[in-house]
Amino acid sequence: KCPMADMATRMLTFPDPLTGELLPDDNVENQVATFLVAGHDSTSTAITMLLYQLAQHPEVEERVYREVMATVGNGPISWEALGKMEYCMQVVKENLRLFSPATWYNKMSPADRTVQLGPYEIPPDTAVMISTWGLHRNPKVYPNPERFDPDRWSPEQCAGRSPYAWLPFSYGKRACIGAQLSLIEQRMVLAELVRRFHIRLDSSTQLTISEPLFLNPQGIYLRVVARTQEAPPPTTFVASQPASDFDVGDLEGLHGKQLVVLFGTNTGSCEDLADKMYRRGTAMGMACTKAPLDAVCQADSLPLPKGADGVVLVITSTYNGKPPENAKQFDQWLGSPEASERLQGVRFSVFGCGNRQWAATFVAFASKVDDCLTAAGGQCLVPLAIGDMDTGDAEAAFARWDVAFCIALLRSHGLPLPKDIAASLYPKVLEYDTYLLQGKGYGDLPVPEREAVRDRSLGTAAKLFATGCKPFEAAPLCNRELLVGAVGRSTRHIEIALPEGLAYTAGDHLGVLAANPEEGVQAYLDY
Ligand code: HEM
Ligand SMILES: Cc1cc2nc3c(=O)[nH]c(=O)nc-3n(C[C@H](O)[C@H](O)[C@H](O)COP(=O)(O)O)c2cc1C
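A few points on the structure. Predicted, not measured: the structure shown is a model, and the values here were computed from it. (Residues numbered from 1 in each chain as written. Chains lettered and ligands numbered in written order. Predicted model: local features only at pLDDT ≥ 70, side-chain atom pairs only at ≥ 80, totals over all residues. Heavy atoms only, no water.)

1. Details of a nonpolar patch on the surface
Consideration 1: On the surface, Ile494, Ile496, Leu498, Leu502, Tyr504, Leu510 and Val512 cluster together into a nonpolar patch covering about 620 Å² of accessible area.
Consideration 2: In this fold, Val512 is placed in the loop between β15 (492–496) and α18 (518–526).
Consideration 3: The class of Val512 is exposed, set by a relative accessible area of 70%. (Patch = residues over 30% accessible without salt bridge, like charges linked within 9 Å, V, L, I, M, F, W, Y side chains within 5 Å. Areas by Shrake-Rupley, 256 points an atom, 1.4 Å probe, with all protein chains shown as cover. Salt bridge = Lys/Arg side-chain N within 4 Å of Asp/Glu carboxyl O. Helix = DSSP H or I, 4+ residues; strand = E, 2+ residues; numbered from the N terminus. Buried < 20%, exposed > 50% of the residue type's maximum accessible area, 1.4 Å probe, protein only.)

2. Comments concerning the coordination of the iron atom of ligand 1
Consideration 1: You will see that the iron atom of ligand 1 has only one donor from the protein, Cys176 (SG), lying 2.3 Å away.
Consideration 2: Along the chain, the position of Cys176 falls in the loop between α7 (155–158) and α8 (179–194). (Donors = N, O, S within 2.8 Å, 3.2 Å for Na, K, Ca; no water.)

3. Considerations on the side chain of Ser182
Consideration 1: When you line up the elements, Ser182 lands in helix α8.
Consideration 2: With residues near it in sequence (within four places) discarded, Ser182 still touches Thr43 and Phe169. (Contact = heavy atoms within 4.5 Å.)

4. Let's talk about empty space enclosed by the protein
The gaps of empty space that remain are located by a probe, the size of a water molecule, rolled over the atoms.
Consideration 1: Here the structure, examined in full by the defined rule, presents 2 cavities of 30 Å³ or more.
Consideration 2: Considered as a void within the structure, the second largest cavity measures approximately 40 Å³ in volume.
Consideration 3: Lining the second largest cavity, in full, are Leu262, Val296, Leu304, Val312, Val314, Phe330, Leu343 and Leu373.
Consideration 4: Residues belonging to the lining of the second largest cavity are distributed by class as follows: 8 nonpolar, no polar and no charged. (1 Å grid on protein atoms, 1.4 Å probe; cavity = no way out; pocket = protein on both sides within 12 Å on 5 of 7 lines; lining within 4 Å. Points joined across faces, edges and corners; volume = space filled by probe spheres on them. Nonpolar A, V, L, I, M, F, W, Y, C, P; charged D, E, K, R; others polar.)

5. Notes on the pattern of salt bridges
Consideration 1: Summed over all chains, the structure comprises 22 salt bridges.
Consideration 2: Glu61 is the salt-bridge partner of Arg200, the closest N and O atoms lying 3.1 Å from each other. Of this pair, Arg200 sits in strand β5 (residues 197–201) while Glu61 sits in helix α3 (residues 58–72), and the two are 139 residues apart along the sequence.
Consideration 3: The buried category is assigned to Glu61, whose relative accessible area is 0%.
Consideration 4: The residue Lys328 makes a salt bridge to Glu325 at a minimum N-O spacing of 3.1 Å.
Consideration 5: When its relative accessible area of 45% is taken as the criterion, Glu325 is described as partly exposed.

6. Some details on the site of ligand 1
Consideration 1: In the vicinity of ligand 1 there are 22 residues, among which Ser42, Lys107, Arg174, Cys176 and Ser182 approach most closely.
Consideration 2: Within the backbone of Ala38, one N or O atom sits 3.3 Å away from a nitrogen atom of ligand 1.
Consideration 3: Between ligand 1 and Lys107, the relevant distance is 3.3 Å, taken from an oxygen atom to a side-chain nitrogen or oxygen of the residue.
Consideration 4: Listing elements by their share of the shell around ligand 1, those giving two or more residues are α2 (25–56), β1 (104–108) and α8.
Consideration 5: Counting residues per element, the shell around ligand 1 draws most heavily on α2, which supplies 7 residues. (Near = heavy atom within 4 Å. Polar contact = N/O pair within 3.5 Å; in protein donor to acceptor, adjacent residues only side chain to side chain.)

Spelled out as C-alpha cells, the structure:
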C-alpha cells in the first residue's frame, strides 16, 4: 500500500496547515477538472509522439535498450535508476522539443510599465503569445531543426545553450506544476516498453495533427514486437547499491555531540534526505534531532549546538526563488538580531535541492541560507552542495556531500577515517560491471557492442573524474623544449588556449589531466 495519501484524500480531508481550513467543495471540483485536463492529455500526447519517433529510429531504440539493461536489467526501475538513465532523458527532451503538447501559451507583460523584449517595445498589460513550436525549431539554436536527434541533449551540446530555448512546460511562477511527474511518467513508459518490445511503424500510418487544446496526433499505427533476444542477467544490485555505502560505525569520540538536521520541503524530497542524515548521525553515536526549518524560530525554539558541541545540517528546496512552505518563517527570521546571536559559532553545512530548469533562481533559497549562516558568524564545515533534479544528478551530489560531511566531521574531532570511505567516492563503472555479468570476454562481444561499452565506460569515468572541476579539452598552442643540449632532463614551455568565458590570473589553479594512450586503456579493459 502506498504510504502517501493520494490527491483526492488530501484535498477532501487534509486541512491547510496554516489556516486549519478544508478546501471548499467548488474549489475541489475545479482542481479535479484542471488536473484531468492539464495532467492527462498533455502527457498522453507526449508519449504517443515519443513512440512515433522511436518507431522510426531503431538506432535510438537500441541505445535506450542498452542503457536500461546496463542500469537495471530486468529489475524494478527505481527513482535513483531513472536518474542514471541519461540517454532516456535526452530522448524524452528531444521529443518534447519537436512535439511540445502545448504548442503555445500566453504571458502578460507587467501592468505598470512598458518593457523591451529584444528589438520590440511591449506596452503595459499586453498578452504575448509564446510559440513553443517556433521557439523549438530555431535553426540558430537547433541546426537542422526537423531532425529527431537526442544527442542534442548531451552535456556537451547543451553547454552554452540558453535555458529558455526549451520551454515545453513554460517558465516562471505559473509554469507547469506537473512537469516532474510527467517527465517521470514518460521515462518510465519508454524504459518499460523498450526493454520488452521493438516498436515499429505500420505502413498504414498517416499522421494528422490538430490542436483542440493540446496537440492531438491521429492516424499513428504501431507494431509492437516482443524482444526475443535473451536479456543479460539483471544488474539491479548495481543500481540499488547506494552511491555512498560506507559505514563509519559507532564512534566514541562523537558520543554526546549533537546533530541537528533541518529541512525545508513542499513535496517531501528534502525530508527524505534529512532522514538519511539523521540515520547517519545516529549510527555514529551522535544525539540527533530532525525538524523543519521553521521549528528553529517558533515558540519552543530548537536549541542549536555551538562550536565543537555539534553540527547543524540544512537540506532545503526552492520554489520560484522562495523558501518552501515550512521554511517561510525561518526565512523572515534569518535577518533578525536574534538569529545573529543564535547562529554565531554554529558549525553548519547546507545541501540545496533544486532544478536547473528554473535557471534564474536555481537553488536560490539554499544559497541564501548558506550566505546568511556565514554572515551571522556560523562556521561552514563543508561548502554548499547542490543537487539538480533535472539531470538526475541529485542522488550522486547528495552522496558526495554525505561523504564530505563525514570526513570533515571526523577530522574536526581528530578521529581516524574509515578505510572504505575512499572507495565510496569512486562508484564502479556500470557498463564494465554489466560486461562482467554477461560472462563474456570483452573481445567476444560483437564489435559495435564492444565499442559502445568502451565509449560509455570511458565517458562515465571521465565524468566522475572531472566532477566539480570546470573541465575542457585543451589543444596545445605551443610545446617546445627549453633545455638545449641537456641529457636525460627536459623542461618544456607549453601554452594552451582557454575556452571562451574562462580567464586565468596568477594564483589560479589549473589541473592538467593528460589522456592515457588508447592502447593502454584497451589493454586494461581486456585484462
Ligand atoms: C508533457 C506534459 C505536460 C506539458 C507539455 C504541460 C505544459 C504546461 C504548460 C505550458 C503550462 C503553462 C500554461 C500557461 O502558462 O498558460 C502548464 C501549466 C499547468 N500544468 Fe502542465 N503540462 C504537462 C503535464 C502536466 C501534468 C502531468 C500535470 C498534473 C498532474 C499538469 C498540471 C498543470 C497545472 C495545474 C498547470 C497550471 C499551473 C498554474 O497556472 O500555476 N501538467 N502545463
Ligand atoms: C512550482 C515549482 C517551482 C520551483 N522553483 C524552483 C526554483 O525557483 N529553483 C530551483 O532550483 N528549483 C525549483 N523547483 C524544483 C524543486 O525545488 C525541486 O523539485 C526540489 O527537489 C523539491 O524538493 P521538495 O520535494 O523537498 O520540496 C521548483 C519546482 C516546482 C514544482
